[in-house]
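What the coordinates show
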Amino acid sequence: MKQFFTFLIFIFTITFVHSQGQINFPGEGTYGSICPFGEDLVYLMVDDGMFYTSNDGGLNWTENNIGISEDFFDMVFFDEELGFAVGSNGTIVKTMDSGQNWSIVPSGTTENLFSI
C-alpha cells in the first residue's frame, strides 16, 4: 500500500512539473534566490548583484544590475513592488519599485545572511 501511494505521488509530481512548462533561467551566475509572485511574475537574484524579472512565468527575463557586487542568498517580496534581499557580508537591500532600484539597509553585521 505504501509503495502504491509513493507511486501515485511520483506520477502526480511528474505530471505537475511537465504541465508547468520549463523555466529558462538567464545568465550563467549562481542562483541565490527565486521568488515567484502570482501566476506569471517571477523575481530571480543571482551572484554579483544581478536581478532578473519575468512577467511570463520564467520564459523570458529582464536583467537589472543592482550595482552591489555581493552574493545574495534569499529574497522576499511583500507585494509586486516592495522586496528585500540578503547576502554576503551582512548585506541587506530593499526595492520599492519591483527591482528597478535597490538601496542598502544597514544590518549591523558583516556575517553572511542566508535567510529572511
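Check the entry above for the structure.
Description of the structure in this document. (Residues numbered from 1 in each chain as written. Predicted model: local features only at pLDDT ≥ 70, side-chain atom pairs only at ≥ 80, totals over all residues. Heavy atoms only, no water.)

Some words on the environment of glycine 108
Operational definition: Here a helix means four or more residues in a row that DSSP labels H or I, a strand means two or more in a row labelled E, and each is numbered from the N terminus. A simple rule labels every residue: compare its accessible area, found with a 1.4 Å probe on the protein chains alone, to the largest value its type can have, and call it buried under 20%, exposed over 50%, or partly exposed in between.
When you line up the elements, glycine 108 lands in the segment after strand S8 (103–104). When its relative accessible area of 85% is taken as the criterion, glycine 108 is described as exposed. Taking the C-alpha atoms as reference points, glycine 108 and glycine 90, separated by 18 residues in sequence, lie 7.4 Å from one another.

What about the pairing of strand S3 (residues 50–54)?
How we decide: The rule for pairing is simple: two strands pair if DSSP sees at least two bridges between them.
The buried fraction of S3 is high, at five of five residues. Relative to S3, strand S2 (residues 41–46) runs antiparallel, the two being bridged by five bridges. Note that in S3 the partner of valine 46 across the bridge is methionine 50. Sheet topology note: the S3/strand S4 (residues 62–65) ladder contains four bridges and is antiparallel. Bridging from a neighbouring strand, methionine 50 pairs with asparagine 65 of S4.

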